[in-house]
Each structure stands twice: as structure tokens, then as C-alpha cells.
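Each chain is listed here by its residues.
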Amino acid sequence: MKKILIFLAILSLFACDDSISKLSLDNTAPNPVSNLQILETGGDYVKLIWSVPDSKDAAFYKIYKKLSTETETITNFIFTDQLQVNLQNTQQGIIIDSLAFSNNYDFAVSVCDESMNESELQKITGIETLNNNPVDTTPPGDIAQLQLVPTFSEGYEIIDVVITASFVAPGDDGDNGITEIEVRYSPFGPVNSDNWQTAFPYQGTVFSGIAGETTIIELPLKKCMAPPPVPPNYAFYFAARAIDEAGNTSAIKSFSGKITAEVIRKSCISCWECLDICPENAISKQNGKASIDLSKCVRCGDCILTCEEKGNEAIKYYITE
Ligand code: SF4
Ligand code: SF4
């Protein structure tokens, strides 16, 4: 009888674990986008725009297209692009290019969360491209109020630092419509029209902005693949410009910032673990608390990790202007 009771107790433990793991799984798809519409049609492109869904865990959109002549099943929609969800905005959009002239297309947009749950597709069908691209010689308006958003980094290593910037997006032709935003950076000094061509293109993400909307972009430094990945002096220099489908560009706007580290004095319990771990002897005792000499610190993150392991979380990376 005793053995049976023990067996049942173990079984109930497993059952409990299983229910906990099921509880922690996210199987719920975000809400789909709404108000999907065509903003503009060209010979080889269309501009799609939609309302941002209200799901807090919405992470990115998947964009699909297919020829209208193909039967309308989800499997016939071909994944063409991905775009980060910007929950600060009310609308987002994308330019889909490389289309054939005078053809009919169907487009679809879905929303995914970090667990790869995907919402239902929102579709717009029978969109006919023009038989040529209209000549567009009007440049986009200028990016306005481009600025760094100072933040704590959540990462322990310098490569996990995310630079956050915000700006008010211009339109394609002046202040109307949707335009793509090109971002470049340099570890060596400010980026401007003189050195734009030799600055490094920011890897991997196409940002788009709806005219007049404040847009927030996140730039993980690890995506700055060109050497050196960590800029000398821990300063970084970014610049952005708007570009339309005809190659017309706005003026270049730039911003810069510094990656710095600091001991939050009230959280420091003076255990001196960070002094022992620092490879650069950059940390000293100042009035009974740890203090970082930034001229020696190489932002390796070892002290942050050590302090965190002790449960103190007294050292943070900052992004500052
Ligand atoms: S490890 Fe953290 S708590 Fe300990 S001395 Fe350094 S900063 Fe203070
Ligand atoms: S980040 Fe690295 S170099 Fe800088 S103070 Fe901490 S341990 Fe020292």
C-alpha cells in the first residue's frame, strides 16, 4: 500500500509539471491587422498600408503575394517580406516591388508573435499594376526630429546593446504617403552627405514610415557587422534618409550616442566582486561604493554579470547622447 501511495504521489507531480509547462506555452496568435488597403500602385510596385493590431505581443508582420490568376488558397500565397511591428504607431505599411507590369496581384498580411504564432491572413485581391512606372521626380520630405532614445541595455555583452531612435517620417512625395528609411552608420565619426557612400549600410532591416507618424526604430549593435563591431571610444554615429521607389532621396539626418556604464550607488552593497572580476582594473572604491572609470572600461560586461549573479543588479549599461 505504501508503494502504491508513493507511485501515485510521483504521478501527480508529473501531472502538475505538465500542466505548468502547458500553462507557460503561448499558443495564442496575435490579432490580425485591419484596414489593409493600397496606398499607391506603380508599374512594378504597390504600397500597402494597414492599422497596427492591438496585441501587445505582436512582434512582426509576414507579407505575402500571389498572382490573382492562381487559385485563392493560403498555400498559394508566397511569403515575400517581413516587417517589425511598431506598437507605438497607429498605421504601418510596406512597399512591395519587383512586380510585373500590367498584372493582377493578391496580397496578404499576417501578424506573428515571438513564439511564431501567426494570425489569420488579411487579404486584398485583384490589384492591377500599371503598364509603366509613372515618372516620379519629387523627393520625399526630410526626416524630422531624429533623435536617440536614451535607454538601459538589457544585455550583458556590448554586442547585445540596442540603440533606439525615433523620428517623424516624411512621405514619398513631400509629406504624403509611405517611404522607406535607409540607415547607415560609422564607428569613425559623424555620417553626412560627404561620407554617406562610404558609411556602412545597416544590415538586415528595412524601415518604413508613414508620413507624419513618429516612428521608433531599434538598431541592435550586433547587426553592425562591418569591423570593428564595437566602435572605438564606444561612440556610434548613425544617419538616415528617406528613399522612394524611384530612387529620389531626402536630405541625410544624423544622430550619435555613447555606450556608457554606471554603478547605481543605492543598489551597491560593497561586496567588491566587480573589482575582482574587472580585467582592466577600471573599478575602484569611492566613498564605500564601487565606481567605474570609463576611460579604462572596455564595456565587456563582466562586472554586470557578476553583480547580477549576486542578485544586486547595481551596474547598468546606458545609451546616452
Ligand atoms: S558587484 Fe555590484 S554590489 Fe558588489 S561592489 Fe560591485 S557594484 Fe557593488
Ligand atoms: S564592463 Fe568590463 S572593463 Fe568595464 S568596469 Fe565592468 S568588468 Fe571592468
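Predicted, not measured: the structure shown is a model, and the values here were computed from it.

K.L.:
Where do I start with the overall build of the protein in this structure?
P.N.:
Check the secondary structure of the protein and you find 3 helices and 19 strands. Looking at the protein as a whole, 41% of its 321 residues are labelled buried. Of all intrachain contacts in the protein linking residues separated by at least 6 positions in sequence, the fraction that spans at least 24 positions is 68%. Total accessible area on the protein stands at roughly 17,000 Å², and carbon and sulfur atoms take up 51% of it.

K.L.:
I tried to follow the site of ligand 2 on my own but got confused; where do I start?
P.N.:
Residues in contact with ligand 2, as listed here, are Cys 278, Pro 279, Glu 280, Ile 283, Ile 292, Cys 297, Val 298, Arg 299, Cys 300, Gly 301, Asp 302 and Cys 303. Under a 2 Å grid-point criterion requiring more than half of the atoms, the pocket assigned to ligand 2 is the largest cavity. Its residues assigned to classes, the shell around ligand 2 comprises 8 nonpolar, 1 polar and 3 charged.

K.L.:
Sorry if this is basic, but what is going on with the sheet that holds strand E5 (residues 91-96) here?
P.N.:
In any sheet, the strands associate via hydrogen bonds between backbone groups, in a parallel or an antiparallel arrangement. In spatial order, the strands read E1-E2-E5; together these 3 strands make up an open sheet with antiparallel pairing. The two strands at the open ends of the sheet, each matched to only one other strand, are strand E1 (34-41) and E5. For this sheet, the mean inter-axis angle between neighbouring strands, taken without regard to orientation, is 20°. Pairing of strand E2 (residues 46-51) with E5, which is carried by 6 bridges, proceeds in the antiparallel orientation. From the neighbouring strand, Val 46 faces E5, where its bridge partner is Ile 96.

K.L.:
What exactly am I supposed to notice about unusual backbone geometry here?
P.N.:
Glycine aside, residues mostly have negative phi angles, and peptide bonds mostly take the trans form. Of note in this structure, Gln 145 is not a glycine but carries a positive phi near 55°. Inspection of the secondary structure puts Gln 145 in strand E8 (residues 144-148). The phi torsion at Ser 270 lies on the positive side, around 60°, for a residue other than glycine. Looking at where Ser 270 falls in the secondary structure, it is placed in the loop between strand E16 (253-263) and helix H2 (273-277). Ser 270 gets classed as partly exposed once you look at its relative accessible area, which sits at 24%.

K.L.:
How should I be thinking about the site of ligand 1 in this particular structure?
P.N.:
Surveying the vicinity of ligand 1 reveals the residues Cys 268, Ile 269, Ser 270, Cys 271, Trp 272, Cys 274, Ala 290, Cys 307, Asn 312, Ala 314 and Ile 315. Judged by its atoms lying within 2 Å of the grid points, ligand 1 is housed in the second largest cavity. Across the shell around ligand 1, the residue classes tally to 9 nonpolar, 2 polar and no charged.

K.L.:
Would you mind showing me how to read the sheet that holds E8 here?
P.N.:
If you trace the 3 strands from one edge of the open sheet to the other, you get E8-E10-E14, paired in antiparallel fashion. Across the chains shown, the open sheet's two edge strands, defined by having one partner strand only, are E8 and strand E14 (214-220). Neighbouring strand axes in the sheet, compared pairwise and without regard to direction, differ in orientation by 15° on average.

K.L.:
Whenever I open this one, empty space enclosed by the protein confuses me. Can you help?
P.N.:
Over the atoms a probe the size of a water molecule is rolled, and this reveals where empty space is left. One pass over the structure, following the stated rule, counts 3 cavities of 30 Å³ or more. Approximately 90 Å³ is the volume found for the largest cavity. Along the wall of the largest cavity there are 15 residues; nearest its centre are Cys 278, Cys 297, Arg 299, Cys 300 and Cys 303. Across the lining of the largest cavity, the residue classes break down as 12 nonpolar, 1 polar and 2 charged. One number sums up the size of the second largest cavity: a volume of about 80 Å³. Cys 268, Ile 269, Ser 270, Cys 271, Trp 272, Cys 274, Ala 290, Cys 307, Asn 312, Ala 314 and Ile 315 are the residues that line the second largest cavity. Partitioned by chemical class, the residues of the lining of the second largest cavity number 9 nonpolar, 2 polar and no charged.

Conventions we followed
Residues numbered from 1 in each chain as written. Chains lettered and ligands numbered in written order. Predicted model: local features only at pLDDT ≥ 70, side-chain atom pairs only at ≥ 80, totals over all residues. Heavy atoms only, no water. Helix = DSSP H or I, 4+ residues; strand = E, 2+ residues; numbered from the N terminus. Buried < 20%, exposed > 50% of the residue type's maximum accessible area, 1.4 Å probe, protein only. Contact = heavy atoms within 4.5 Å. Areas by Shrake-Rupley, 256 points an atom, 1.4 Å probe, with all protein chains shown as cover. Near = heavy atom within 4 Å. 1 Å grid on protein atoms, 1.4 Å probe; cavity = no way out; pocket = protein on both sides within 12 Å on 5 of 7 lines; lining within 4 Å. Sits in = over half its atoms within 2 Å of the grid points. Nonpolar A, V, L, I, M, F, W, Y, C, P; charged D, E, K, R; others polar. Pairing = 2+ DSSP bridges. Axes fitted to C-alpha atoms, helices over the stretch in contact; angles between N-to-C directions. Points joined across faces, edges and corners; volume = space filled by probe spheres on them.

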